[in-house]
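# A structural walkthrough
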Amino acid sequence: MEFEPVIGLEVHAQLLTQSKIFCGCTTRFGNPPNTNTCPVCLGMPGVLPVLNRKAVEYAIKVGLAVGCEIRGRSLFARKNYFYPDLPKGYQISMYDQPLCVGGGITIETRKDRKRIGLTRIHLEEDAGKLIHQEGADDRTLVDLNRAGVPLIEIVSEPDIASPSEAHTYLTMLRSILLYLGVCDGNMEEGSLRCDANVSVRPAGEKQFGTKVELKNLNSFRFIQKALEYEINRQAEVLQGGGKVVQESRLYDPDSDTTDLMRGKEEAHDYRYFPEPDLLPLIVDQKWIEEIRAGLPELPLERRDRLVAQYGIPAYDADVLTTTRELADYYEAAAKASGNPKGASNWVMGEVLRKLKEEKAEITACPVSPDRLAGLMGLIEAGTISGSLAKEVFEEMWATRHAAPDIVKARGLTQISDEPELLAIIDQVMAANPGPLAQYRAGKSATLGFFMGQVMKATQGKGNPTVIQKLLGEKLKGS
Amino acid sequence: MSIQLETVRHIARLANLEFSEEELGIFARQIDSILVYIDKLNELDTQRVEPTSHVTQKDQAFREDRVAPSLEVLRALANSPETKDGHFSVPKVIG
Ligand SMILES: [Zn+2]
């Protein structure tokens with residue numbers, strides 16, 4: 001029997017505020033343990049949380065960008081459970097009255113575009129970090145620097161039909177968050193975390209199967225493998241006549257399997273109730289419209305515009321719009337060079353290759369778009385050849401010098417001057433009477449030999465088009 | 001009694017508390033009397049009344065996104081029975 005998966009994703013994104021959601025502690029990553037804490041985020045008795053306005057603004061920004069309805073009134077709730085990463089014994093979250101509802105994210109599949117619906121986006125506080133000590137100690141160490149960092153949870157509808165769609169959805173969502181400037185999208189540092197609800201059903205069946213919650217899919221690489229494994233596991237259970245049990249499972253990248261999380265069943269009884277320490281969150285239409293007016297162009301819109309405006313292939317536009325900064329770089333280079341296709345080739349080729357090689361971001365690219373356009377201008381003017389330009393690019397990267405300066409200093413200017421090239425051709429012909437005779441006897445392939453000899457004599461600086469033309473004339477004996 | 005002993009045991013477990021059978025019995029009776037009292041309120045017709053989660057009618061109270069000084073780490077850890085390398089140290093829990 002054929003089975004088809006049904007997948008919904010829950011993504012937690014850390015918001016890029018300076019301070020925590022309910023207190024003034026810094027959100028800075030990497031500070032010494034427990035140095036970003038105060039009575040509020042330590043859960044001391046008698047303290048009161050006060051909501052960070054920026055966190056609300058960012059959540060609304062995301063909601064508007066993905067077409068959610070922003071609720072005029074929403075409510076914080078306490079999610080109660082006992083775990084050492086949670087000093088208060090509850091997490092302040094939202095429950096039955098979230099800030100944003102509905103909306104959707106359009107993704108590009110192999111066939112066409114598909115909209116993945118969203119259920120809701122809500123605000124909540126992050127928990128602390130636990131370090132489980134190995135060995136005889138048998139202790140768990142708690143760092144509460146992260147406790148109280150603002151998060152949004154973005155919950156999708158079960159509209160995702162394959163692991164690769166899940167990957168595409170997550171990539172697009174991350175891209176949107178980066179464009180909005182509300183999250184740094186760093187999965188390694190935990191700024192973006194993903195859980196999945198997965199079930200399978202016989203192909204064509206309308207009814208959903210029993211869903212399993214997959215926790216901590218914290219890398220783009222793992223998410224696809226984890227889902228593939230889990231879908232196969234469930235299909236095998238059903239094929240063997242068994243039943244899928246509703247449970248939480250954890251993906252282990254080392255063994256490439258998912259394992260049951262034990263002892264958590266009872267903890268699902270979260271006994272939510274309205275957070276009495278925080279007033280209902282009231283958002284007026286004026287504020288929403290102000291935020292809407294400040295929304296940037298989003299990845300998919302920009303991709304379509306690049307294709308229409310610059311005539312570059314959809315694939316190029318896809319890669320170039322991965323981040324706002326890369327797209328900015330490309331557009332600047334396209335405009336400065338007046339050659340959008342050439343600029344796309346350079347950015348997609350040499351620029352991205354070097355960035356990858358040095359694990360650098362485009363914002364740290366030592367060759368500015370203007371300088372890249374300058375290099376492209378030299379090729380167009382016939383000053384240097386395309387292959388020499390790649391060498392010049394390497395040097396621009398290393399020295400931060402402009403292309404014309406490098407070309408001048410190294411004497412790389414292409415030789416297009418006909419009398420100069422004719423003199424060299426005469427020398428080469430005089431030095432190779434044998435091949436010359438062969439050519440004149442009708443062996444036209446010898447032309448390649450002469451091309452090579454002349455290029456060598458010019459140390460690669462001869463203009464190939466001019467040489468070819470001159471050689472054609474001279475070899476014939478005219 | 002409307003509350004089951006099993007429910008009391010479940011709530012105690014969720015709160016990480018352990019009680020003797022005798023204590024569970026006492027709590028069940030006490031919780032039950034509270035519930036009976038609350039049930040009295042259910043006699044009122046509240047169909048046309050908005051649920052009240054907050055009693056203040058104040059406007060929104062926001063803070064601006066500004067960093068304020070945190071506690072010194074020694075003060076932050078001062079109430080912890082055990083610490084290690086700037087961390088709270090607790091009996092091992094399984095992730
Ligand atoms: Zn704090």
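Basis of the calculations
- Residues numbered from 1 in each chain as written.
- Chains lettered and ligands numbered in written order.
- Predicted model: local features only at pLDDT ≥ 70, side-chain atom pairs only at ≥ 80, totals over all residues.
- Heavy atoms only, no water.
- Helix = DSSP H or I, 4+ residues; strand = E, 2+ residues; numbered from the N terminus.
- Rg over C-alpha atoms; globule rule 2.2 N^0.38 Å.
- Buried < 20%, exposed > 50% of the residue type's maximum accessible area, 1.4 Å probe, protein only.
- Contact = heavy atoms within 4.5 Å.
- Areas by Shrake-Rupley, 256 points an atom, 1.4 Å probe, with all protein chains shown as cover.
- Lys, Arg positive; Asp, Glu negative; His and termini not counted.
- Charge placed at Lys NZ, Arg CZ, Asp CG, Glu CD.
- Domains from an automatic or database assignment.
- Buried area = accessible area lost by both parts, 1.4 Å probe.
- Salt bridge = Lys/Arg side-chain N within 4 Å of Asp/Glu carboxyl O.
- Polar contact = N/O pair within 3.5 Å; in protein donor to acceptor, adjacent residues only side chain to side chain.
- Pairing = 2+ DSSP bridges.
- Right-handed = clockwise from strand over helix to strand, strands pointing away.
- Donors = N, O, S within 2.8 Å, 3.2 Å for Na, K, Ca; no water.
- Tetrahedral: all angles 85-135°; square planar, octahedral: opposite > 155°, others 65-115°.

## Points about the overall build of chain A
Broken down by element type, chain A carries 15 helices and 18 strands. For 478 residues, the compact-globule formula gives about 23 Å, and the C-alpha radius of gyration of chain A, at 31 Å, lies well above that figure. Here chain A holds 478 residues, and 50% of them are scored as buried. A separation of at least 24 residues holds for 69% of the contacts in chain A among residues at least 6 apart in sequence. Of the roughly 22,100 Å² that chain A leaves accessible, carbon and sulfur atoms contribute 51%. Across chain A, 57 positive and 65 negative side-chain charges occur, with their mean positions spaced 3 Å apart.

## Focus on the domain arrangement of chain A
Residue and element names in this part refer to chain A. Considered domain by domain, chain A is made up of domain 1 (3-290), domain 2 (297-410) and domain 3 (418-477). Measuring from the centre of the C-alpha atoms in domain 1 to the corresponding centre in domain 2 gives 37 Å. Between domain 1 and domain 2, the residue contacts involve ten residues of the former and twelve residues of the latter. Contact with domain 2 buries surface across domain 1, with Glu-108, Arg-113 and Tyr-179 losing the most and accounting together for 60% of the total. When the shortest N-O distance is used, the salt bridge between Arg-303 and Glu-108 registers 3.3 Å. Here domain 1 is connected to domain 2 by five residue pairs in polar contact (both at pLDDT 80 or more). Mapped onto the side of domain 1 that touches domain 2, the elements with two or more residues apiece are β8 (104-108) and α2 (163-180).

## A look at the pairing of strand β15 (residues 248-252) of chain A
All names here are of chain A. Where strand β14 (residues 212-215) and β15 come together, three bridges link them in parallel fashion. Of the residues in β15, the one forming a bridge with Glu-213 is Ser-248. Each parallel crossover has a hand, and the one from β14 via helix α3 (residues 220-239) to β15 is left-handed. Taking the residues that link successive antiparallel strands as the turn, the β15-strand β16 (residues 257-260) hairpin has four residues, and the phi of Asp-256 there is positive, at about 55°.

## Thoughts on the coordination of the zinc ion
Residue and element names in this part refer to chain A. At the metal site, the zinc ion is ligated by Cys-23 (SG), Cys-25 (SG), Cys-38 (SG) and Cys-41 (SG), and these contacts range over 2.3 to 2.4 Å. Around the zinc ion sit four donor atoms; with metal-centred angles ranging over 99 to 116°, the donor geometry is tetrahedral. Ordering the donors of the zinc ion by residue number gives the pattern C-x1-C-x12-C-x2-C.

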